[in-house]
Amino acid sequence: MMEDQVASEIQLPPHQVFDVPPGSGAASECFDDDDDGRFKRTGSVCAHIITAVIGSGVLSLAWATAQLGWVAGPTVMLLFSLVTYYTSTLLAACYRSGDPVTEGRNYTYMDAVRSNLGGFKAELCGWAQYLNLFGVAIGYTIASAISIMAIKRSNCFHERGNTNPCHMQINLYMIAFGIVEIIFSQIPDFNQLWWLSILFAAMSFTYSIIGLGLGIARVAETGKIMGSLTGLSIGTVTQTQKIWRSFQALGDIAFAYPYSLILIEIQDMIGSPSLESKTMKKASMISVAATTIFYMLYGCMGYAAFGDLSPENLLTGLGFYNPFWLLDIANAAIFIHLVGAYQVHCRPLFAFLEKQATERFPACGFITKEIKIHIPGFHPYNQNLFRLVWRTLFVITTTIISMLFPFKGVVGLFKALGFWPLTVYFPVEMYIRQKNIPKWSTRWLCLQILNIACLIITIAAAAGSIAGVVLDLKSYKPFSTSY
């Protein structure tokens, strides 16, 4: 059973670039500041959160705002930022079971659920979490390929004029992204490479600022603020389409925020036990606030620039054609950022299956044996064959599915299945259990109202995603999607 095998999900056999013998000075230095015999925790928490949160979701916010209008669009963004921050603080409080300083740590989301709610709910959490991570990987593959293709199309328009359709197949760019992820997936201790987290976070700010700047420039050029109070008007689309698009827009905004599925893993990087919860809450506040400012500006300025015609992706939907070199920089930044975001999200899934395999087949050399590879000028690199094969197959699988179903609705459906349980339900239930909040008390009722409201939004967003997939399938040809 899954719940019997996840207690130490990320305590894998060491895959460090260099080995540290037990008892050596180097080893004691690594364990100095920790409280449970594991390697000293380090990491840029805010950078990891921003890398995880500001992903491809930001690019569709102008379209989402266009469906909802000037009143509902910004209001929904603000509400979901508050929900994300609040539920993240509830989850951060569950990092340790019992005393927030001295009790045992929960190294993963599933560990926290099992400690507070029991094994059955831990198994349900695992399915929701890893299905969501799988869907995120597919979404990032599609988004990154579209960004690279947008660079080619932008250059094509620059050379041949905006009237040339410049049609291109997307499959080649998905394969290229997959190859990059196969290489990055073999980097051990990825979360310790703080400079990579800083780089990927910087890329997210780069393309967000460029998109925002282009929106402001277009509004300044035309002298008009487009859009309406209620969003896309009936007539431009049918009433039924308006409903489905509004549901999709709710999902786009809701799913653009949460990082709950990897919050515990990020919190596990904080080195001081006495500051874990406090530091994580502060990091969440800073990161969610920064994210919300970008989201509000990005979505609103994109809508102000294009109104009802706002593209689903502001930088790749070719709402802008010039300056083409600036669009190239923005889309290159999207690609670089998504390379890192893919790894940040998929590492817990990699770790889970590798831990399961190690526990089930401890005597299998293919799974447990380390092969030392000597690289001139560097420390020896330890490669594990099972890690090489499994992670490569995972990336290949997500790439093939992305090529087969490159629909926004498919990604939205995956995210809908994980949003409510991972972002709201489990954090709320764990917090109630840990703090012994009395049933039917005012606080308990408020938490349950939040729970039910987010469940309704999740169902609506899932319905909108399904409607979008059905519409896309009407003109779909496998492995032949072009833009």
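Residues numbered from 1 in each chain as written. Predicted model: local features only at pLDDT ≥ 70, side-chain atom pairs only at ≥ 80, totals over all residues. Heavy atoms only, no water.

What follows deals with the overall build of the chain. The number of helices and strands found in the chain is 15 helices and two strands. Burial analysis of the chain (483 residues in total) assigns 55% to the buried set. Partitioning the contacts of the chain with sequence separation of at least 6, the portion at a separation of at least 24 is 80%. Accessible area of the chain: about 20,600 Å², with a carbon and sulfur share of 69%. (Helix = DSSP H or I, 4+ residues; strand = E, 2+ residues; numbered from the N terminus. Buried < 20%, exposed > 50% of the residue type's maximum accessible area, 1.4 Å probe, protein only. Contact = heavy atoms within 4.5 Å. Areas by Shrake-Rupley, 256 points an atom, 1.4 Å probe, with all protein chains shown as cover.)

Empty pockets left among the atoms are what a rolling probe the size of a water molecule brings to light. A complete count under the given rule lists three cavities of 30 Å³ or more for this structure. For the second largest cavity, the calculated volume is near 50 Å³. Residue assignment for the lining of the second largest cavity shows that the elements contributing at least two residues are α8 (239-256), α14 (408-435) and α15 (442-473). In terms of residues, the lining of the second largest cavity owes the most to one element, α8, which gives four residues. Taken together, the residues of the lining of the second largest cavity sort by class into two nonpolar, five polar and two charged. (1 Å grid on protein atoms, 1.4 Å probe; cavity = no way out; pocket = protein on both sides within 12 Å on 5 of 7 lines; lining within 4 Å. Points joined across faces, edges and corners; volume = space filled by probe spheres on them. Nonpolar A, V, L, I, M, F, W, Y, C, P; charged D, E, K, R; others polar.)

Now for the pattern of salt bridges. The final tally for this structure, using the stated rule, is two salt bridges. For Arg-391, the salt bridge goes to Glu-354, with nearest N and O atoms at 2.7 Å. Of this pair, Arg-391 sits in helix α13 (residues 385-404) while Glu-354 is found in helix α11 (residues 324-360), placing the two residues 37 residues apart along the sequence. Judged on exposure class, the residue Arg-391 and its partner Glu-354 are both buried. (Salt bridge = Lys/Arg side-chain N within 4 Å of Asp/Glu carboxyl O.)

Turning our eyes to something else, we now look at the packing of α14 against α15. α15 packs onto α14 with a crossing angle of 170 degrees between their chain directions and a minimal axis gap of 8 Å. Taken together, α14 and α15 sit at an angle that is classed as roughly antiparallel. Of the residues contributing to the contact of α14 with α15, the split by class is 18 nonpolar, six polar and two charged. (Axes fitted to C-alpha atoms, helices over the stretch in contact; angles between N-to-C directions. Parallel < 35°, antiparallel > 145°, perpendicular 65-115°, else oblique.)

Time to look at the side chain of Ser-185. On the secondary structure map, Ser-185 appears in helix α6 (residues 171-185). Not counting residues up to four positions away in its chain, the partners in contact with Ser-185 are Gln-343, Arg-347, Phe-350 and Arg-391.

The next thing to look at is the side chain of Gln-448. Mapped onto the secondary structure, Gln-448 falls in helix α15. Since its relative accessible area comes to 16%, Gln-448 is described here as buried. Once residues lying within four places of it in the same chain are set aside, the contact partners of Gln-448 are Glu-429 and Ile-432.

On to the packing of aromatic side chains, then. A full pass over the atoms with the stated rule returns 14 aromatic pairs. Relative to Tyr-303, the ring of Trp-70 lies with its centre 4.9 Å away and its plane at 45 degrees, an arrangement referred to as tilted. One end of the pair, Trp-70, is in helix α3 (residues 61-92); the other, Tyr-303, is in helix α10 (residues 276-306), and 233 residues separate them in sequence. We classify Trp-70 as partly exposed; its relative accessible area is 24%. On the basis of an interplanar angle of 55 degrees and a centroid distance of 4.9 Å, the ring pair of Trp-440 and Trp-444 is categorised as tilted. In this structure an aromatic cluster arises from ring pairing among Phe-134, Phe-350, Trp-390 and Phe-394. (Phe/Tyr/Trp six-rings, centres within 6.5 Å; stacked < 30°, edge-to-face > 60°.)

The next thing to look at is the pairing of strand β2 (residues 381-384). Remark: a regular strand shows side chains that alternate across the two faces of the sheet. Neither face of β2 is open: one carries Tyr-381 and Gln-383, the other Asn-382 and Asn-384, and all of them are buried. Sheet topology places strand β1 (residues 370-373) next to β2; four bridges connect them, and they run antiparallel. Across the sheet, residue Glu-370 finds its bridge partner in β2, namely Asn-384. (Pairing = 2+ DSSP bridges.)

On to the nonpolar core. Residues Tyr-109, Ile-253, Leu-315, Phe-394, Phe-426 and Met-430 are the most contacted members of the largest nonpolar core, which totals 113 residues. Residues within four places of Phe-394 in sequence aside, it is in contact with Phe-134, Ala-137, Tyr-342, Cys-346, Leu-349 and Phe-350. (Core = buried A, V, L, I, M, F, W, Y, C linked by side-chain atoms within 4.5 Å.)

So, about helix α4 (residues 109-117). The buried fraction of α4 amounts to seven of the nine residues, a majority that puts the element mostly inside the structure. Listing the buried residues of α4 in full gives Tyr-109, Met-110, Asp-111, Ala-112, Val-113, Asn-116 and Leu-117. Just past α4, the residue Gly-118 takes up positive phi, approximately 100 degrees.

The next thing to look at is the packing of helix α5 (residues 119-160) against α11. Following both chains from N to C, one finds α5 and α11 inclined at 165 degrees, their axes separated by 9 Å at the closest point. By the criterion of interaxial angle, the relationship of α5 to α11 is roughly antiparallel. Helix-helix and strand crossings are classified by hand; for α5 and α11 the assignment is left-handed. Classifying every residue of the contact of α5 with α11 by side-chain character gives 21 nonpolar, eight polar and one charged. (Left-handed = near helix turned anticlockwise from the far one by under 90°.)

It is worth spelling out a nonpolar patch on the surface at this point. Residues Phe-366, Ile-371, Ile-373, Ile-375, Phe-378, Leu-385, Leu-388, Val-389, Leu-393, Ile-396 and Ile-400 make up a contiguous nonpolar surface patch of about 910 Å² in total accessible area. Structurally, Phe-366 can be placed in helix α12 (residues 365-368). (Patch = residues over 30% accessible without salt bridge, like charges linked within 9 Å, V, L, I, M, F, W, Y side chains within 5 Å.)

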